[in-house]
Amino acid sequence: MSASAAPVAHLARPHRPVVVAGTLAELRGPTCGLVELPLRLWWHPQRAFDLAERTMLLWMYENVLRESIRVDELRAYLDGATLLRVWSDLNLPRGVRAAWEARHPRLRARLAA
């Protein structure tokens, strides 16, 4: 395989590959209420996010998308329809955005809308 044919590895940060769900439909995390992220995903003493508050919802999604190392973490905390709705408002590292948009072109279309 030539270097140009090698798959592109997107990184959330140095040495941390981005984890992307196979489908948005498999993301069936909570859509309301308080959600407490595990210490591995959010190492702040206050780990609860009130999903009724848009800024907290965005903050939680940004952290889960950036810090997840397993698809089951994505499934547990993200909701596909919500992700589509807030995608253009998320502040994400370039590699995270590129990986998700490459796998799910519907997300890229949300930026153009």
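Everything discussed here concerns the structure shown above.
Residues numbered from 1 in each chain as written. Predicted model: local features only at pLDDT ≥ 70, side-chain atom pairs only at ≥ 80, totals over all residues. Heavy atoms only, no water.

1. Examining the pattern of salt bridges
- Using the criterion set out here, one finds 8 salt bridges in the structure.
- With a shortest N-O distance of 3.2 Å, Arg70 and Asp72 are connected by a salt bridge.
- Under the relative-accessibility criterion, Asp72 is labelled partly exposed at 40%.
- One salt bridge in this structure joins Glu101 and Arg97, with 3.8 Å as the shortest N-O distance. Placement of the pair is Glu101 and Arg97 together in helix α4 (residues 94–103), with a separation of 4 residues, close to one helical turn. The exposure classification of Glu101 matches that of Arg97, with both residues buried. (Salt bridge = Lys/Arg side-chain N within 4 Å of Asp/Glu carboxyl O. Buried < 20%, exposed > 50% of the residue type's maximum accessible area, 1.4 Å probe, protein only. Helix = DSSP H or I, 4+ residues; strand = E, 2+ residues; numbered from the N terminus.)

2. Structural notes on helix α1 (residues 54–67)
- Over its 14 residues, α1 extends 20 Å from the first C-alpha to the last, a length consistent with the 20 Å expected when each residue adds 1.5 Å.
- Counted residue by residue, α1 has 10 buried out of 14 residues, so it is predominantly covered.
- Of the positions making up α1, those classed as buried are Met56, Leu57, Leu58, Met60, Tyr61, Glu62, Asn63, Val64, Leu65 and Glu67. (Expected span 1.5 Å × (residues − 1).)

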